[in-house]
Amino acid sequence: MNTSTASCSRKLLAFICLAALSSLVFIPPSANAQNISDNPGIQDYGRPGVPRITIYVWGDAQTGVWTVEEGASMLEVLTATSRVRLGEQNPDRRQIRTLRVFRDGNRSGEPEFEARIEDVFSRNVELPELRERDVLVVDTRTRRRLSWRDINQVAGTAASVLSVFLILDRLSGD
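Residues numbered from 1 in each chain as written. Predicted model: local features only at pLDDT ≥ 70, side-chain atom pairs only at ≥ 80, totals over all residues. Heavy atoms only, no water.

A.B. asks: How would you summarise the nonpolar core if you had to cite specific residues and measurements?
C.D. replies: Counting 21 residues, the largest nonpolar core has Ile55, Val68, Val77, Leu99, Leu130 and Leu136 as its most contacted members. Put simply, the parts of the chain that give this core at least two residues each are β3 (52-59), β4 (64-69), α2 (74-81), β5 (93-102), β6 (113-116), α3 (117-121) and β7 (135-144). Per-element tally for this core: the top contributor is α2, with four residues. Sequence-distant contacts of leucine 130, that is, excluding residues within four places in its chain, are made with Ile53, Val68, Ala72, Ser73, Met74, Val77, Arg103 and Leu136. (Core = buried A, V, L, I, M, F, W, Y, C linked by side-chain atoms within 4.5 Å. Buried < 20%, exposed > 50% of the residue type's maximum accessible area, 1.4 Å probe, protein only. Helix = DSSP H or I, 4+ residues; strand = E, 2+ residues; numbered from the N terminus. Contact = heavy atoms within 4.5 Å.)

Given below as structure tokens:
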């Protein structure tokens, strides 16, 4: 092997090592939701090395068992797990989205905390601190809005009933 080929090989090897090392240094580990390697059914949210608590997420969210940073805000966890799109509007339907928190893995009875999602995201309510085995339930109820079509149907029915009443009144008056 001549010296120029050996020099090129060393330079190429140094470049490959430098590229591999820089990818390890400059690409930070993700703090987003990811599966824990030893149990793919549990989602993890938080920074590496920070103590975790286990919570349960149900409803209109990325449901399942989650381990989250101890002391993480409920707003942060809800943002990571929720599938709610606050900007979506349907003119014929009204959606009421609520967040309920049950303590100690128990969903029976009254929730420890309940608020509309819009109030949670606008910070109009005081959010409780997350605890081990909390159950977060995100519900969306859809109700039909009162529209001009509905008002028109009611007015038409009332006019028909009134017309029949007036006709019967005139017929009985003769």
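Following the structure, the description resumes.
A.B. asks: Quick rundown of the pattern of salt bridges? Include the residues and the values.
C.D. replies: In the structure shown here, the tally under the stated rule is seven salt bridges. As a salt-bridge pair, arginine 97 and glutamate 118 come within 3.8 Å of each other at their nearest N and O atoms. With arginine 97 in strand β5 and glutamate 118 in helix α3, the pair connects residues that are 21 residues apart, well separated along the chain. What makes arginine 97 buried here is its relative accessible area of 6%. Owing to a relative accessible area of 27%, glutamate 118 belongs among the partly exposed residues under this scheme. One continuous salt-bridge network, built from bridges that share partners, spans Arg97, Arg116 and Glu118. (Salt bridge = Lys/Arg side-chain N within 4 Å of Asp/Glu carboxyl O.)

A.B. asks: Lay out unusual backbone geometry with the relevant residues and their values.
C.D. replies: Even without being a glycine, arginine 123 presents a positive backbone phi close to 60 degrees. Considering the arrangement of structural elements, one finds arginine 123 in the loop between α3 and β7. You will see that arginine 133, though not glycine, has its phi angle at about 70 degrees, which is positive. If you trace the backbone, arginine 133 turns up in the loop between α3 and β7.

A.B. asks: Give a description of the pairing of β3 that names residues and reports values.
C.D. replies: Side chains on a regular strand alternate between the two faces of the sheet. Pairing of β3 with β4, which is carried by six bridges, proceeds in the antiparallel orientation. Residue pairing across strands places tyrosine 56 opposite valine 65, the latter belonging to β4. Taking the residues that link successive antiparallel strands as the turn, the β3-β4 hairpin has four residues. (Pairing = 2+ DSSP bridges.)

A.B. asks: Give a description of the side chain of threonine 81 that names residues and reports values.
C.D. replies: Locating threonine 81 in the fold gives a position in helix α2. Residues within four places of threonine 81 in sequence aside, it is in contact with Val57, Ala61, Gln62 and Trp66.

A.B. asks: Tell me about the environment of tryptophan 66, residues and numbers included.
C.D. replies: Positionally, tryptophan 66 belongs in strand β4. On the accessibility criterion, tryptophan 66 (0% relative accessible area) is buried. Of note is the side chain of tryptophan 66, whose polar atom sits 3.0 Å from the backbone oxygen of glutamine 62. (Polar contact = N/O pair within 3.5 Å; in protein donor to acceptor, adjacent residues only side chain to side chain.)

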